Amino acid sequence: MFDIGSFRARTCGTTGRRSFLRLAGSVPLALGLSPLAAMSVEPRRPRAKSVIFVFLWGAPSHLDTCDPKPDAPSEYRGPFSSIATRTPGLFFTELLPRIAQRSDRFSIIRSHATTEPGHPDAGTAALTGFKELPGPVQPNFGSIVAKHRSQHGGLPAFISLARGVVMDSGRRIEGYGGGTLSQAYDPLLAGCSAEGGVDIPALRLMDGLNPLRVRDRAKLVEQLDDVPRALDRLGFDSWNRNFQSAYDLLLNPVARQAFDLTRESEATRARYGYTVFGQSSLLARRLVEAGVPYVQLNYSRHPEAINPGFEFGWDTHLYNFELLQDQHCPILDRAFSALLDDLHDHGLTDQTLVVMMGEFGRTPRISANSSRDHWPPCYFSIWSGGGVQPGRVIGASDKLGEYPTSAPIPPLMVGTTIAELAGLDTQTRVEMNVLNGGHVIDGLL
Amino acid sequence: MKRWHDPRFAAELARRVGRGFVAATLVFTVALPALAAEPVALTRDGRFKLGPVFAGTGREVVYAELATPMLYRLMRLNANDGSIEAVHPDATTSELDPAFSADGKVFAFLKTVGTLRVNLEIHERSGAKLGEVPPGGGFSGMRSPAVSPDRQHVVYSFAEGGRQHLFQVRVDGSEKRTLTDSRGINNWPTYSHDGREIVFGSSRDGDFEIYRMPAGGGDAIRLTHTAGQDIRPKFSPDGKRIAFTSHRDGNAEIYVMNADGSSPQRITESPDRDDYPEWHPDGRQLVIVSERSGKFDLYLVALD
């Protein structure tokens, strides 16, 4: 909530009047601290070297997953039983037994709220902390972290695991990339198949090329006159950045190894499950292990489709209960629990912040289709590692799961907390002119 | 009931199953120890699968497979030679939830006809279309069709008004009737061998439990009473037993109980998901989908 420990005295002189006021406003006056006193605190070291943002695109039903309401009327409750977790008093539905058994490794927030009712707009809010309109579009949390960090060992600082830019049937999430920080901080896009084959569209454009044939970037560009057009077809605005990232990978076999899931044992790969999301989750672990600061692990586009004839993950306007029990929850339960275990086994938990959430919740009242529709006023997130205190339950929803009973936590606080844990203190954020007005989610730290 | 650790399992399995599955298991188990005490894998591709059903005899299994991230395709496993082929190779939209009459002559399935719009199609085995049930307005679609043994009716699940009921139509899609009138979700109906009863899953009393009722609708008798999902019930070919999936022990496993709900017994035991039981026509085996080793494949499970 308040990030007084993040101010750096040496930067006071460079803080403009407006940003100074913004800083001052975030100081808890009740503590009796003046802004100057707060600024004398030593800079905070990043607790999270890397971030994995698990984006449950489409928006999962909170009532049917991590915020069950077993005592609600049948038109709200849904058909699934509740099960105990390892956290006293915390119950999930029976669809997530493995995650429930690992609740001592994460904290949960049940009082998120957003203002955006549609997927692309809510997606932008979820990934940037701000509304899409009026523009300009703010940067993705990953782009902010990427700008603060540098590339590591030839790997991009921000990788988004999906098949192309995440979008719904109509349009993409405008907040997918660099926004006001520029397209230089767009993510490198990489897709992963259920068998673990990795596809990097920008690298695919270089089929037939190799470092021996391509001595320098300029020459490569000359040989690929149609690259911009091809990238446009894939939905990129930022072909230069993706092109450069792919080029770096092309020239760096060691970096490319991070994408090679065949280097993992069969047992490890099986733990995650041979699904797109499962193998993508394993890829995320390999990428943070290799030093990538920010990985956005998208549940869709398109890991495991689908509503028939439609795709974007958790958007279950039809067959909500069937899709959750047959596909989405078993796939998520297996992959996410494996990710938590694997990070732990590799000694990466403390240095890797894992955040899992969708862009909003789903209607607590069951729809005419016996499903659930969009519900921005209340949803959940899960936070693990990277400086987060595990085993906490932050916020709560009311007895029907319709509204938070505590102060709503908006997407901006999510991004601010991620940035804080990744080493971007308040002053740094001010200097970068990002996440303005955001506060850290106090209860997580 | 289950004999995972019985060293005579493989020999007994070979004796019991039909010739076709002997061939299939030989094809797929050559690398297994001769006395393997595990369910026998029938597929090895590992792709996501749903709802296997026998196509009338024990020689063909039809199931839905997630062929691409955007497409469910109906696949046919030929147990004689282990070959697998698409039922409708030219299908460009998703098809799922296959169902056959007991003699295999009538075939029902779901077919996507638009964004979140799913048709119920009813065909002759030859492919000729007998009838269809189109979705309602907006997002709409059926689930879980089953064909009556006399090939006259199809029962299915459909949501409207916030509840999900069972409906029955004639095979030409006409004379739609509502069979249930309860709270919650009613799903996964299947007929008894004589066509007089339907067994199904319902959340009318809270979580999913198994119920049976007259095929034309009426009072339902609750057969299970456990915490956790009890779903996807299937009458055995002789109507004396019901196989189903239950989460009562913490994850999805296959159970078999008597048709009156008595003596439920756990058939599978795996930390991974075992689901979608389907009786072999001989009544001595089940085909299931299991997620063992993180992959989704069809397995054959022998019963006493």
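Look up: the structure comes first, before these words.
Residues numbered from 1 in each chain as written. Chains lettered and ligands numbered in written order. Predicted model: local features only at pLDDT ≥ 70, side-chain atom pairs only at ≥ 80, totals over all residues. Heavy atoms only, no water.

S.K.: Just to check I follow, could you spell out the overall build of chain B for this structure?
M.R.: Assigned secondary structure in chain B consists of two helices and 24 strands. Counting all 304 residues of chain B, 61% fall into the buried class. The contacts in chain B between residues at least 6 apart in sequence include a share of 37% that link residues at least 24 apart. Carbon and sulfur atoms make up 49% of the accessible area of chain B, which totals about 11,400 Å². (Helix = DSSP H or I, 4+ residues; strand = E, 2+ residues; numbered from the N terminus. Buried < 20%, exposed > 50% of the residue type's maximum accessible area, 1.4 Å probe, protein only. Contact = heavy atoms within 4.5 Å. Areas by Shrake-Rupley, 256 points an atom, 1.4 Å probe, with all protein chains shown as cover.)

S.K.: It is not clear to me how the pattern of salt bridges should be interpreted in this structure. Could you clarify?
M.R.: Think of it this way: side chains of opposite charge can pair up when their charged atoms draw near. Residue and element names in this part refer to chain B. This model, assessed by the stated rule, comprises 44 salt bridges over all chains. Across the pair Glu-65 and Arg-47 runs a salt bridge whose closest N-O atoms are separated by 3.0 Å. Of the two residues, Glu-65 sits in strand β3 (residues 60–68) while Arg-47 sits in the loop between β1 (40–41) and β2 (49–54), which places them 18 residues apart along the sequence. In this structure Glu-65 comes out as buried when scored by relative accessible area, which is 3%. A residue is classified by how much of its surface remains accessible, and Arg-47, at 33% relative accessible area, is partly exposed. A salt bridge links Arg-125 to Glu-60; the shortest N-O distance between them is 2.3 Å. Residue Arg-125 is located in the loop between β8 (117–124) and β9 (129–133), and its partner Glu-60 is located in strand β3; the two are separated by 65 residues in the primary sequence. Residue classification places Arg-125 among the partly exposed positions, given a relative accessible area of 34%. (Salt bridge = Lys/Arg side-chain N within 4 Å of Asp/Glu carboxyl O.)

S.K.: Is there a simple way to think about the sheet that holds strand β19 (residues 241–246) of chain B in this case?
M.R.: Picture the strands of a sheet paired through backbone hydrogen bonds; they go either parallel or antiparallel. The sheet built from four strands is open, its strands ordered β18-β19-β20-β21 (chain B) with antiparallel pairing. Of all strands in the sheet, those with a lone pairing partner are β18 (230–235) and β21 (265–266) of chain B, marking the two edges. (Pairing = 2+ DSSP bridges.)

S.K.: For this particular structure, what's the right way to read the environment of A:Ala422?
M.R.: For A:Ala422, the location among the structural elements is in the loop between α15 (411–421) and α16 (426–432). Residues A:Ala422 and A:Pro293 lie 129 residues apart in sequence; the distance between their C-alpha atoms is 8.4 Å.

S.K.: Explain the interface of chain B and chain A to me, please; I cannot follow it from the model alone.
M.R.: Quite often, the size of an interface is put as the accessible area lost when its parts meet. With 51 residues of chain B at the interface, the matching set in chain A holds 43 residues. Counting each side, the surface lost to burial between chain B and chain A is near 3,500 Å², with a carbon and sulfur contribution of 55%. Where chain B touches chain A, the interface holds four salt bridges. Counting across the interface, chain B meets chain A through 20 residue pairs in polar contact (both at pLDDT 80 or more). Every element with two or more residues in the side of chain B that touches chain A is listed here: β4 (71–78), β7 (106–114), β10 (140–147), β11 (153–160), β12 (163–170), β14 (186–191) and β18 of chain B. If you tally residues by element for the side of chain B that touches chain A, the top one is β10(B), at four residues. Among the residues forming the side of chain B that touches chain A, the class breakdown is 22 nonpolar, 18 polar and eleven charged. (Buried area = accessible area lost by both parts, 1.4 Å probe. Polar contact = N/O pair within 3.5 Å; in protein donor to acceptor, adjacent residues only side chain to side chain. Nonpolar A, V, L, I, M, F, W, Y, C, P; charged D, E, K, R; others polar.)

S.K.: Got a minute to help me understand the pairing of strand β8 (residues 294–298) of chain A in this structure?
M.R.: Side-chain direction in a regular strand flips from residue to residue, so the side chains alternate between the two faces of the sheet. Residues and elements named next belong to chain A. Where burial is concerned, most of β8 is hidden: five out of the five residues are buried. In β8, alternate side chains face the same way, and those of Tyr-294, Gln-296 and Asn-298 on one face and Val-295 and Leu-297 on the other are all buried. Where strand β1 (residues 50–55) meets β8, five bridges bridge the pair, whose relative direction is parallel. For Val-54, the partnering residue across the bridge sits in β8 and is Leu-297. Bridging between strand β5 (residues 158–161) and β8 involves four bridges; their strand directions are parallel.

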